[in-house]
Amino acid sequence: MQPVLIGILAYLVVQFAIGMLVSRRIASETDYLVAGRRLGLGLAGFSIFATWFGAETVVGAAGAIYSDGLSGGSADPFGYGLCLLVVGVVIAAPLWRRKYTTLGDLFRERYSPGVERLAVLLMVPTSVLWAAAQIRAFGQVVSASSDLTVPVSITAAAVFVIGYTAAGGLLADVITDFVQSIGIVVGLAILFVAVSSAHGGVAELVTSIDAGRLALFSTAEATPLEIVEAWAVPICGSLLAVELLSRILACNSAATARNATLLGAGLYLAVGLIPVTIGLLGPKLAPDLEEPEQLVASLALEHLSTLFYVLFTGALISAILSTVDSCLLAAASLVSHNLVVPLKPALTERQKVTAARLGVAAFGVVAYVIALYAGGIYELVATASAFGSAGIFVVGMLGLFSRLGGAASAYAALVVGVAVWCVGEYWLEWPTPYITAVAAALGAYLLAAPLARRQFLTRRLPLS
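Numbers given to residues run from 1 along each chain, matching the order in which its sequence is written. Residues qualify for local features only when their pLDDT is at least 70, as the model is predicted, and side-chain atom pairs are given and counted only at 80 or more; totals for whole chains, interfaces and linings, by contrast, use all residues. Excluded from the side-chain calculations are hydrogens and water; all other atoms, namely the structure's heavy atoms, are used.

Turning to the overall build of the protein, a few remarks are in order. A run of H or I in DSSP becomes a helix once it reaches four residues, and a run of E becomes a strand once it reaches two; helices and strands are each numbered from the N terminus. For the protein, the count of helices and strands is 19 helices and zero strands. Compactness check: the protein gives a C-alpha radius of gyration of 22 Å against a globular reference of 23 Å for 464 residues, within 12% of the reference. Across its three principal axes, the protein shows a C-alpha extent of roughly 85 × 55 × 40 Å. Looking at the protein as a whole, 59% of its 464 residues are labelled buried. Taking the contacts inside the protein whose residues are at least 6 apart along the sequence as the reference set, 86% of them involve residues at least 24 apart. Our radius of gyration is a C-alpha quantity, and the globule rule it is checked against amounts to 2.2 Å times the number of residues to the power 0.38. For the exposure calls, accessible area comes from a 1.4 Å probe over protein chains only, and a residue counts as buried if that area is under 20% of its type's maximum, exposed if over 50%, partly exposed in between. Only heavy atoms matter for contacts: two residues are in contact if any of them lie within 4.5 Å across the pair.

And the structure:
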């Protein structure tokens, strides 16, 4: 396994070097957080694809489909892919025209600084949980490729990712995303060709899929509302994902923002079909596998030569790195730009960048601790998409596309949304906590809207 470790190390050194080189071009907070707003179609599109195409798509989705058939992919890649399409068609261009630095700016401009702070406190855990999922996957890949234990591998992964992300900011992320996206496409293609060649070819392998595993909507084991829940979490829960929207805000025009998101969505769905197919074939290729999330790594180890295994492992690490650096940077940007800078308006541009880098380090440590003790990658991603996002979805979408409601509506929706989801998920164990939370948040927003209207009239009209 020594050649594999050497190959992984060489790959990581190149990624870190890119981050350090790009860090020399960072002169302001805008450079660090949104790459100076100068991304073109190619870099932005491939970065969106690479950011979305993380460990849960390769490792988690293949494992879920191995266990549950095609319905196991309702979240990834199909739900998240549909989410990207909706963002490209509906959100990307209007959001870009606002010229925000972070999504938190929308809540301040549309509602109030207090709503901005509450929204940030709800959005940050999502990014940290998502980063933890990627760090855990990183550790599992390194452990499977060496004699290192999973905890040691996760620790090494966290140290590297924190340093790499803190150095280069969004521009470094985007440049390495471009390389990483090519790597993961080539790596998955190599694996699929090797596996299919060992089992009689692609046609024979695909025709051997059990037809009973092809149901995308499994009504036998889930009610219609539970199916809606399974699709609502990745779609509604990620429409306003900070990691995605930071790429949109960094584009050089509204048209680029829209087209880059649609390009990323197309790549995501097309490449995502490879782990979907591997997951469907899993019971035939690796029967009685104890840990479904190890399916892809096990097949790679079995069917690839040392050289190609190194290339594939590097590609898998590419998918992980391109997501985790975006998550850590997203959490840090929200806290530094929307919480720290307003409290310290005299900060210089260099000090603002330093604050963001310290945020990356702090949230990286938190994500590392979560990754050590988490139950699984897919579980982390599902929690990340659902926590707090019901209220964020309602308040963000109504704030972006309507003038209904004000600060009172936003406060009510954010608080009710997260409270209902937590109660339904962890206390009462409802089968559909997320869509219940969305409905409750929308109801709270609408009920509080007349109060916001009265407050507006009181401020505008003289009392007599």
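Let's shift gears to the packing of helix 3 (residues 41-52) against helix 11 (residues 242-249). Look at helix 3 against helix 11: their axes get within 10 Å of each other, and the N-to-C directions meet at 175°. Classed by the angle they form, the pair helix 3 and helix 11 counts as roughly antiparallel. In contact with Ser47, Ile48, Thr51 and Trp52 of helix 3, helix 11 contributes Glu243, Leu244 and Arg247. Any residue that is not Ala, Val, Leu, Ile, Met, Phe, Trp, Tyr, Cys, Pro, Asp, Glu, Lys or Arg is counted as polar, Gly included; the first ten are nonpolar and the last four charged. Split by residue class, the contact of helix 3 with helix 11 holds three nonpolar, two polar and two charged. Axis definition: a line fitted to C-alpha atoms, over the contacting stretch in the case of helices. Angles run 0 to 180 degrees between N-to-C directions. By definition in this entry, angles of less than 35 degrees are roughly parallel, angles greater than 145 are roughly antiparallel, angles of 65 to 115 are roughly perpendicular, and the rest are oblique.

Let us look at the packing of aromatic side chains. Stacked, edge-to-face and tilted are the three classes for Phe, Tyr and Trp ring pairs, Trp counted by its six-membered ring, which pair at centre distances within 6.5 Å; planes under 30 degrees apart are stacked, over 60 edge-to-face, the rest tilted. Enumeration over the complete set of coordinates arrives at eight aromatic pairs. Relative to Tyr80, the ring of Trp52 lies with its centre 6.2 Å away and its plane at 85°, an arrangement referred to as edge-to-face. Of this pair, Trp52 sits in helix 3 while Tyr80 is found in helix 5 (residues 74-97), placing the two residues 28 residues apart along the sequence. When its relative accessible area of 4% is taken as the criterion, Tyr80 is described as buried. Ring geometry for Trp421 versus Tyr426: centroids 5.4 Å apart, planes at 85°, classification edge-to-face. For Trp421, a relative accessible area of 3% translates into the label buried. Under the relative-accessibility criterion, Tyr426 is labelled exposed at 51%.

A separate point is helix 11. With respect to burial, helix 11 is a largely interior element, eight of its eight residues being buried. Among all positions of helix 11, only Val242, Glu243, Leu244, Leu245, Ser246, Arg247, Ile248 and Leu249 are buried.

Bringing the pattern of salt bridges into the picture now. We count a salt bridge whenever a side-chain nitrogen from Lys or Arg sits within 4 Å of a carboxyl oxygen from Asp or Glu. A full pass over the atoms with the stated rule returns six salt bridges. Its salt-bridge partner being Asp105, residue Arg108 comes within 3.1 Å of it at the nearest N-O pair. Highlighted residues: Arg108 and Asp105, both in helix 6 (residues 104-110), separated by three residues, approximately one helical turn. By relative accessible area, which is 4% here, Asp105 ends up buried. Of the charged contacts, one joins Glu116 and Arg108 as a salt bridge, the two residues approaching to 2.9 Å between their closest N and O atoms. Its relative accessible area of 2% is what places Glu116 among the buried residues. Arg108 gets classed as partly exposed once you look at its relative accessible area, which sits at 34%.

What follows deals with the nonpolar core. Grouped together as the largest cluster of nonpolar side chains are 149 residues, with contacts concentrated most on Trp52, Phe53, Phe107, Phe138, Leu191, Leu244 and Leu321. Every residue in contact with Leu244, bar those within four places of it in the chain, is listed here: Ile48, Trp52, Leu84, Val87 and Ser238. Nonpolar core, defined: a set of buried Ala, Val, Leu, Ile, Met, Phe, Trp, Tyr and Cys residues in which side-chain atoms within 4.5 Å join the residues together.

A few words on unusual backbone geometry. Even without being glycine, Arg37 reaches a positive phi, approximately 55°. Within the element layout of this structure, Arg37 appears in the loop between helix 2 (29-34) and helix 3. Unlike most non-glycine residues, Lys99 shows phi in positive territory, near 60°. Tracing the backbone shows Lys99 in the loop between helix 5 and helix 6. The exposure class assigned to Lys99 is partly exposed, which follows from its relative accessible area of 45%.

Nonpolar side chains (Val, Leu, Ile, Met, Phe, Trp, Tyr) are joined into patches within 5 Å and like charges within 9 Å, using only residues with over 30% relative accessible area and no salt bridge. Using a 1.4 Å probe, the Shrake-Rupley method yields the accessible areas, and only the shown protein chains count as cover for residues. A contiguous nonpolar patch, built from Leu43, Phe178, Val179, Ile182 and Val186 and spanning about 370 Å² of accessible area, is present on the exposed surface. By residue number, the principal contributor to the nonpolar patch is helix 8 (residues 150-197), which donates four residues. Secondary-structure assignment places Phe178 in helix 8.

The quantities given are spatial measurements derived from coordinates; they are silent on function.
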